[in-house]
Amino acid sequence: MPSTLLAQHTIKGIFSPPEDYNVALLYRVTPSISEYVANSEVKKDGSFEFKLDSTAIKGVYRLVYAIPQEDYNFDIIYNGKEDIELSFNSETGVKFLKSFENKLLASYTNSMSLVTQSIGDYFSKAGQDTTALKAIFKTQKETQESFEKKAQGSIALEFIKANRPYIPKKALSVETYIEKLETHYFDYVDFSNKTLQSSSLLQEKMLNFIFGMSSKTKDETQTYKDNIDVFCSKMKKAPVTVKRILLVDLWQQMADLGHDSVANYIAERYLIDIAKSLNDQELLQTLVLFRDTSIGSKAPDFDIEVKKNGTLQIQKLSQLNLAKNYIVVFWSSTCSHCLDEIPKLYEFIKTQEKGSVKVVAVGLEDEPYKWKNLTYDMPNFIHVYGEGKWDNEIGDRYGVTSTPTYFILNEQKEIVAKPVLLEDLKAFFENKE
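Residues numbered from 1 in each chain as written. Predicted model: local features only at pLDDT ≥ 70, side-chain atom pairs only at ≥ 80, totals over all residues. Heavy atoms only, no water.

(A) Structural view of the sheet that holds strand β6 (residues 73–78). Read from one edge to the other, the open sheet built from four strands follows the order β3-β2-β5-β6, with strand pairing classed as antiparallel. Strand pairing shows two members of the sheet lacking a second neighbour, β3 (34–41) and β6, which therefore form its edges. Strand-to-strand, the axes of this sheet are offset by a mean angle of 25°, without reference to chain direction. Pairing of strand β2 (residues 23–29) with strand β5 (residues 59–64), which is carried by four bridges, proceeds in the antiparallel orientation. Residue pairing in the sheet places Leu 25 in a bridge with Val 64 of β5. (Pairing = 2+ DSSP bridges. Helix = DSSP H or I, 4+ residues; strand = E, 2+ residues; numbered from the N terminus. Axes fitted to C-alpha atoms, helices over the stretch in contact; angles between N-to-C directions.)

Put into structure tokens, the structure is as follows:
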């Protein structure tokens, strides 16, 4: 049958500025995966359109407008009853022009945000008029109830209820109010709700709580750990697959931000058990690898040939007693970036005090001849031949996926830094002086 006869509803809109966009992708979101639906070319005027046929399932859809997909997207509610029209600008976000459900949810978010701003303004000015504060709380309660009533029978209602804030019945001090907000943050979040699982709401709630709730008496790391424990206790009834998705995302964010100890806390206290229960060997290996190469961990050990009393002897990295710091660098004779950077590293080490730094250079190679010739130009490095290149045991144990990759170790062979660039490595040693 012609597609025009099968089409039921459309999702269309305008991207601006149009030259920034090429294609839009549409996915239907489920608790476990995002199912690809269609793509639409973004025309010269920024317009795009998706035609949904009668088989389109109502629920939450995700529109991706750039890569990486996990960063450049927004959610859309499709109830199977209406067309959706929107405009999007990377500076101002999405604005729904047509769609009762999406416009209602956007209106709710804006209205509650204004009330929250009023509460913040009151406390920031150290207001003493408790009547005014009670009036703001009354407005907040009425606004919430009004939107819940308007949203009856809609998918949007699930999000409006889940976002219901703690609303005091009387005036409170700012300290008590903040404490209550934290205590009741997840009161209305149903982690077993499939609609919420199929959206970004649970992730947003998690991140806002863990990164947003601070403590005056604890350091940042301990605060994160405590907040994670609270969050995990609140989502205890969620399916294990949902816990995996949320905690992997949180683990990755902590890892990306350099909070290695917090990432490992998430893994050891929660994620490793989840990976085992799901028999998810890939996740398990990823968590263990990160733990073993985290700042503060003992560097994975491997054999090294060192010259002692004029003869070459095999020693473990952990047995070296040559310097106060060590640099383990993975490089390759076929890597143009390495050929530029490793000689610069060699020259930099010459400027350091004798006995302060020793470099262990692991050449990830398919064949030894070119690598061996290059090692003669760097006699003060300890050179290790990494046979197999990307299928090398040492490189695998360090999680090396590109060259050059640097690890800085202390005298005890504990990892103290993982500089991405040579300039970062130089800065580490220059700041020690």
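(B) Spotlight on the environment of Val 248. Here Val 248 is to be found in helix α9 (residues 240–256). For the pair formed by Val 248 and Val 400, sequence separation is 152 residues and the distance between their alpha carbons is 20 Å. Once residues within four sequence positions are removed from consideration, Val 248 is found in contact with Leu 271 and Leu 283. (Contact = heavy atoms within 4.5 Å.)

(C) Focus on the sheet that holds strand β15 (residues 415–417). Judged by pairing direction, the sheet is mixed, and its five strands sit side by side in the order β13-β12-β11-β14-β15 without closing on themselves. For this open sheet the edge positions go to β13 (382–387) and β15, each flanked by a neighbour on one side alone. This sheet shows a mean twist of 30° between the axes of neighbouring strands, independent of strand direction. Pairing of strand β14 (residues 405–409) with β15, which is carried by two bridges, proceeds in the antiparallel orientation. Across the sheet, the residue bridging to Leu 409 is Ile 415, located in β15. Set on the sheet, helix α15 (residues 422–432) makes contact with β11 (325–331), β12 (357–365), β14 and β15; between it and β14 the angle comes to about 15°.

(D) Structural context of helix α2 (residues 100–124). Look at α2: 36 Å from first C-alpha to last across 25 residues, which is about the 36 Å you get at 1.5 Å a residue. Among all positions of α2, only Glu 101, Asn 102, Leu 104, Leu 105, Tyr 108, Met 112, Val 115, Ile 119, Tyr 122 and Phe 123 are buried. For α2, the elements touching its buried residues are β6, β7 (84–89), β8 (93–98), α3 (130–150), α4 (156–162) and α5 (174–183). Within two residues after α2, Ala 126 carries a phi angle of roughly 55°, on the positive side. (Expected span 1.5 Å × (residues − 1). Buried < 20%, exposed > 50% of the residue type's maximum accessible area, 1.4 Å probe, protein only.)

(E) Structural context of the packing of helix α7 (residues 201–212) against helix α8 (residues 220–234). Close contact between α7 and α8 brings their axes to 8 Å; oriented N to C, the two are set at 145°. Judged by the sense of rotation from one axis to the other, the crossing of α7 with α8 is right-handed. On α8, the residues touching Met 206, Phe 209, Ile 210 and Phe 211 of α7 are Tyr 224, Asn 227, Ile 228, Val 230 and Phe 231. In terms of residue class, the contact of α7 with α8 is built from eight nonpolar, one polar and no charged. (Left-handed = near helix turned anticlockwise from the far one by under 90°. Nonpolar A, V, L, I, M, F, W, Y, C, P; charged D, E, K, R; others polar.)

(F) Up close: the packing of aromatic side chains. Enumeration according to the criterion identifies 34 aromatic pairs in this entry. On the numbers, 6.1 Å between centres and 75° between planes, the contact of Phe 302 with Tyr 398 is edge-to-face. Of this pair, Phe 302 sits in the loop between α11 (281–292) and β9 (303–308) while Tyr 398 is found in the loop between α14 (393–397) and β14, placing the two residues 96 residues apart along the sequence. Pair check on accessibility: Phe 302 and Tyr 398 agree, each one buried. Ring centres of Tyr 398 and Phe 407 lie 5.0 Å apart, and the angle between their planes is 70°; on these two criteria the pair is classed as edge-to-face. (Phe/Tyr/Trp six-rings, centres within 6.5 Å; stacked < 30°, edge-to-face > 60°.)

(G) Up close: the nonpolar core. Ranked by internal contacts, the top residues of the largest apolar core, which has 54 residues, are Ile 210, Phe 231, Leu 247, Leu 250 and Ile 266. When contributions to this core are tallied by element, the ones reaching two or more residues are α2, α4, α7, α8, α9, α10 (260–277) and α11. The greatest single-element share of this core, amounting to 10 residues, is contributed by α10. (Core = buried A, V, L, I, M, F, W, Y, C linked by side-chain atoms within 4.5 Å.)

(H) Layout of α8. Between the first and last C-alpha of α8 there are 21 Å, a value that for 15 residues agrees with the 21 Å anticipated at 1.5 Å per step. Those residues of α8 that sit buried are Thr 223, Tyr 224, Lys 225, Asn 227, Ile 228, Phe 231 and Cys 232. Of the surrounding secondary structure, the elements contacted by the buried residues of α8 are α5, α7, α9 and α10.

(I) Quick look at the side chain of Asn 264. Examined against the element boundaries, Asn 264 turns out to sit in helix α10. With relative accessibility at 10%, the residue Asn 264 sits in the buried group. Those residues in contact with Asn 264 that lie beyond four places of it in its chain are Phe 290, Arg 291 and Ser 294.

(J) Just the pairing of β14, in detail. Across the five residues that make up β14, a large majority, five, are buried. Covered by surrounding structure in β14 are Thr 405, Phe 407 and Leu 409 together with Tyr 406 and Ile 408, the residues of both alternating faces. Between the end of β14 and the start of β15, which pair antiparallel, lie five residues, with Lys 413 showing a positive phi angle near 70°.

(K) Geometry of the packing of α2 against α3. The contact between α2 and α3 brings their axes to 10 Å, and the two run at 170°. Our classification of the angle between α2 and α3 gives roughly antiparallel. Each of Phe 100, Leu 104, Ser 107, Tyr 108, Ser 111, Met 112, Val 115, Thr 116, Ser 118, Ile 119, Tyr 122 and Phe 123 in α2 lies in contact with α3, whose residues at this interface are Thr 130, Leu 133, Ile 136, Phe 137, Thr 139, Gln 140, Thr 143, Gln 144, Phe 147 and Lys 150. A per-class count over the contact of α2 with α3 returns 12 nonpolar, nine polar and one charged. (Parallel < 35°, antiparallel > 145°, perpendicular 65-115°, else oblique.)

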